[in-house]
Amino acid sequence: MVYNCTTGVSNPIYWRDLERLIKESILLQPCENVIWYPGGSFKGSRFMNNICVAISHLLPAYLMDTCTRIAGRKPIMVTVQNKLLRAAECLEFFTTHEWKFTNTNMLKLYESLPPSDRELFNFDVNDINWQEYMQLYWLGIRRFILKEDLSNDSAARSRLRKSVTPSLIAVSANSTGTLLFLKVSSSLSAADSFVSEVVYQTNVLLARRVSESEPRLLHTPLFPEK
């Protein structure tokens with residue numbers, strides 16, 4: 001007999017909820033060295049996603065690395081962006097498909113327990129508060145993966161406020177560039193093909209500049225075992 005302890009049927013969370021909760025958590029507890037105001041959204045179209053990747057991710061990365069080279073320092077943003085794109089490609093199959101797991105057996109098992117055992121072995125997924133869950137999840141990422149000092153939140157919030165203006169300018173430029181691109185393109189299919197080719201060629205160029213070692217997905221546990 002299979003027992004699926006899943007939340008999809010009893011306490012589901014949707015992409016729109018995940019997007020909102022992630023933003024709330026990041027704004028509440030920003031990173032120490034934030035240089036860009038947190039934003040973005042899930043796209044329902046590969047075409048629009050390719051445009052946003054090219055304008056909002058690749059172009060700023062190249063511009064920042066150019067300024068870094070002029071200042072005589074080592075550029076890293078293109079390399080970082082390339083690794084992020086590869087990680088996103090690894091997750092694409094799972095983020096664009098849906099699976100439904102029934103948890104009927106798990107619910108029956110929980111209901112068969114006496115009250116004392118329910119309290120001691122509480123696996124009722126209905127008790128999960130997704131807002132609190134995402135906030136703890138984000139704090140775990142900052143502490144155990146990014147290795148940040150969580151006591152410097154005041155300085156991080158101050159740096160976050162300073163990043164609002166340049167981010168708004170970039171968003172406005174992004175929107176304007178997207179509209180102009182759509183207007184100039186002769187057709188949606190032709191534009192989609194063009195953007196896909198641009199992103200592909202850009203990724204090829206980026207890959208040549210990245211070290212031979214492939215980026216690895218992080219599997220660091222949220223809370224280490226004692």
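Below, the structure is looked at part by part. A quick note: this is a predicted structure, and the numbers were derived from the prediction, not measured.

What counts and how
Numbers given for residues are sequential positions, taken from 1 along each chain in its written order. Reporting of local features is limited, given that this is a predicted model, to residues whose pLDDT is at least 70; pairs of side-chain atoms are given and counted only at 80 or more, and all residues count toward the totals for whole chains, interfaces and linings. The basis for the side-chain values is all heavy atoms of the structure; hydrogens and waters are excluded. Helix and strand definitions follow DSSP, with helices as H or I runs of at least four residues and strands as E runs of at least two, each counted in order from the N terminus. Throughout, exposure labels follow a simple rule: accessible area from a 1.4 Å probe, protein chains only, divided by the maximum for the residue type, with under 20% read as buried, over 50% as exposed, and the rest as partly exposed. Counting rule applied: Lys, Arg positive; Asp, Glu negative; His and chain ends not counted. The term salt bridge refers to a pairing of a side-chain nitrogen on Lys or Arg with a carboxyl oxygen on Asp or Glu at a separation within 4 Å. Distance and chemistry together define a polar contact, namely a pair of N or O atoms within 3.5 Å, with one atom able to donate a hydrogen and the other to accept it when in protein, and with adjacent residues in sequence counting only for side-chain atoms on both sides.

Positioned with a positive phi, K147 is a non-glycine residue whose angle comes to about 60 degrees. The topology assignment puts K147 in the loop between α6 (130-145) and α7 (153-162). Looking at K147, the relative accessible area reads 65%, which means it is exposed.

Moving on: the side chain of E32. Inspection of the secondary structure puts E32 in the loop between α1 (15-28) and α2 (46-70). Despite its burial, E32 pairs with no opposite charge; the closest candidate is R142, at 5.0 Å N-O. At 2.7 Å, the side chain of E32 forms a polar contact with the backbone nitrogen of D149.

Here we come to the pattern of salt bridges. The full count for this structure, using the stated rule, is four salt bridges. A salt bridge links E19 to K23; the nearest nitrogen and oxygen atoms lie 3.5 Å apart. On the criterion of helical spacing, the pair formed by E19 and K23 is a turn pair, its members being four residues apart in helix α1. Under the relative-accessibility criterion, K23 is labelled partly exposed at 29%.

What is shown is where atoms sit, not what they do.
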